[in-house]
Amino acid sequence: MTKADLLEAWGNHLKNGRRRSPHTVRAYVATAARLIDSARPADWAALARLEATELRLHLAERREDGIGNTSAARELSALKSFLGFAREQAGVAHAAAPRLRGPRVKKGLPRPVTPDEAVNLAAMVEEEAREPWIGARDRAVLLLLYGAGLRIAEALAVTGAALPLGETLMVTGKGGKQRMAPLLPIVREGVADYLRQCPWPMAADAPIFRGAKGGPLSQGMVQKAVARARVLLGLPASATPHALRHSFATHLLGAGADLRSLQELLGHASLGSTQIYTKVDAATLLDVYRNAHPREQG
């Protein structure tokens, strides 16, 4: 079999068998392609025979390429899925999988998740869900938190009346205060992907995010999905759904957004509520300084 044959079968399985999003399919196929380039297996049987030592070597090479802990953990998850599929194709699905542990993460002070961690967290909740549409749902919710700065209650309150989503979304926040939240293409695409898969009909006066039995999705279900995903990614307990909103604010401030604009985007009643992010950003910058400045190294 050729590399193209292996990747085509894997991609079709993810797209048609697992109904994963195009984003996940691209990422998982790319991960499989790198392993094939490294191990050069001749067929599914050869992939099924790969041992933990070979996989550790491959992952070590990826770390040398500069990927961080969360990306390494997600890559390991993708490799496990790919090799599980390889064992099925080779007719040895019962064979024991290579035993590999994810990267260790140093414990430290709570901090905003990085952009890379936010994207990986959204992808991991999708990949670990028990049904494809539920995974697409949870990813869409997290994209609204990180990509648009919504509170979790605000995201879960979006109704069918807002569909189809445009470049902005009218959000009703605390105290009934309304604001306009800009929606990035990746956020709109994530919600659209969920809507295509959702088995429940959409009504203008009902929330678009549904639980497994069709009722409104609860905050607790999203929090549980994130808790499972952050363990797999080696993220700290501070990486909660609400932390994604904090990260949205911190990253915008670090990119040059002014406090008044940030106040409007977050829906804060007072500027004082927004000013806390100047402290968070200063702490982040100080951490970067301490880790990177030559005078701090000796």
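Residues numbered from 1 in each chain as written. Predicted model: local features only at pLDDT ≥ 70, side-chain atom pairs only at ≥ 80, totals over all residues. Heavy atoms only, no water.

1. Some points on the overall build of the protein
Thinking step 1. In terms of helices and strands, the protein carries 14 helices and two strands.
Thinking step 2. Across the 298 residues that make up the protein, the buried fraction comes to 44%.
Thinking step 3. A separation threshold of at least 6 residues defines the contact pool for the protein, and within that pool the share at least 24 residues apart is 63%.
Thinking step 4. With an accessible surface of roughly 15600 Å², the protein has 54% of that area assigned to carbon and sulfur atoms. (Helix = DSSP H or I, 4+ residues; strand = E, 2+ residues; numbered from the N terminus. Buried < 20%, exposed > 50% of the residue type's maximum accessible area, 1.4 Å probe, protein only. Contact = heavy atoms within 4.5 Å. Areas by Shrake-Rupley, 256 points an atom, 1.4 Å probe, with all protein chains shown as cover.)

2. Digging into helix α1 (residues 3-17)
For an α-helix, 3.6 residues make a turn, and residues three or four places apart therefore share a direction.
Thinking step 1. With 15 residues, α1 ought to run about 21 Å at 1.5 Å a step, and its terminal C-alpha atoms sit 20 Å apart, in line with that.
Thinking step 2. Turning to α1, its buried residues are L6, L7, W10, G11 and L14. Along the axis of α1, the buried residues cluster in a sector spanning 125°; they form a single face. In this structure, α1 carries A4, E8, K15, N16 and G17 as exposed residues pointing more than 90 degrees from its buried face.
Thinking step 3. In this structure, the buried side of α1 is in contact with α2 (22-39), α3 (44-48) and α5 (69-89). (Expected span 1.5 Å × (residues − 1). Arc of directions from axis to C-beta.)

3. Let's talk about the packing of α5 against helix α6 (residues 115-128)
Thinking step 1. Look at α5 against α6: their axes get within 9 Å of each other, and the N-to-C directions meet at 20°. Our classification of the angle between α5 and α6 gives roughly parallel. Crossing handedness for the pair α5 and α6: left-handed. Along the contact surface, α5 presents T70, S71, R74 and S77, while α6 presents D116, E117, N120, A123, M124, E127 and E128.
Thinking step 2. Residues belonging to the contact of α5 with α6 are distributed by class as follows: two nonpolar, four polar and five charged. (Axes fitted to C-alpha atoms, helices over the stretch in contact; angles between N-to-C directions. Parallel < 35°, antiparallel > 145°, perpendicular 65-115°, else oblique. Left-handed = near helix turned anticlockwise from the far one by under 90°. Nonpolar A, V, L, I, M, F, W, Y, C, P; charged D, E, K, R; others polar.)

4. Brief notes about unusual backbone geometry
Thinking step 1. The amide bond that connects L163 to the next residue, P164, takes the cis arrangement and shows omega of -5°.
Thinking step 2. Within the secondary structure, P164 is located in the loop between α8 (152-156) and β1 (168-172).
Thinking step 3. Not every positive phi belongs to a glycine, and R40 is a case in point at roughly 50°.
Thinking step 4. By the secondary structure assignment, R40 is in the loop between α2 and α3.

5. Here we look at the nonpolar core
Thinking step 1. Core analysis: the biggest nonpolar cluster contains 44 residues, and L121, L142, L144, L150, F209, V222 and L244 have the highest contact counts within it.
Thinking step 2. Of all the secondary-structure elements, those providing two or more residues to this core are α6, α7 (132-148), α8, β1, α9 (185-197) and α10 (219-233).
Thinking step 3. The greatest single-element share of this core, amounting to eleven residues, is contributed by α7.
Thinking step 4. Apart from the residues within four sequence positions on either side, L121 is in contact with L142, V226, A229, R230, L233, L235 and L244. (Core = buried A, V, L, I, M, F, W, Y, C linked by side-chain atoms within 4.5 Å.)

6. Observations concerning α6
Thinking step 1. The end-to-end C-alpha distance of α6, which contains 14 residues, comes to 20 Å, matching closely the 20 Å that a straight helix rising 1.5 Å per residue would cover.
Thinking step 2. α6 sits mainly inside the fold: ten of its 14 residues count as buried.
Thinking step 3. All of the buried residues along α6 are E117, A118, N120, L121, A122, A123, M124, V125, E126 and E127.

7. Quick notes on the pairing of strand β2 (residues 178-182)
Thinking step 1. Residues of β2 alternate between two faces, with R179 and A181 buried on one and Q178, M180 and P182 left unburied on the opposite face.
Thinking step 2. As judged from the five bridges shared by β1 and β2, these two strands associate in the antiparallel manner. For V171, the partnering residue across the bridge sits in β2 and is R179.
Thinking step 3. Between β1 and β2, which pair antiparallel and follow one another directly, the connecting turn spans five residues, one of which, G175, has a positive phi of 70°. (Pairing = 2+ DSSP bridges.)

8. As for the packing of aromatic side chains
Thinking step 1. Enumeration over the complete set of coordinates arrives at six aromatic pairs.
Thinking step 2. Plain terms: the ring middles of W10 and F82 are 5.2 Å apart, the flat faces sit at 55° to each other, and that makes the pair tilted. Residue W10 is found in helix α1, and its partner F82 is found in helix α5; the two are separated by 72 residues along the sequence. As far as burial versus exposure is concerned, W10 and F82 are alike and both buried.
Thinking step 3. On the basis of an interplanar angle of 90° and a centroid distance of 5.2 Å, the ring pair of W44 and F85 is categorised as edge-to-face. (Phe/Tyr/Trp six-rings, centres within 6.5 Å; stacked < 30°, edge-to-face > 60°.)

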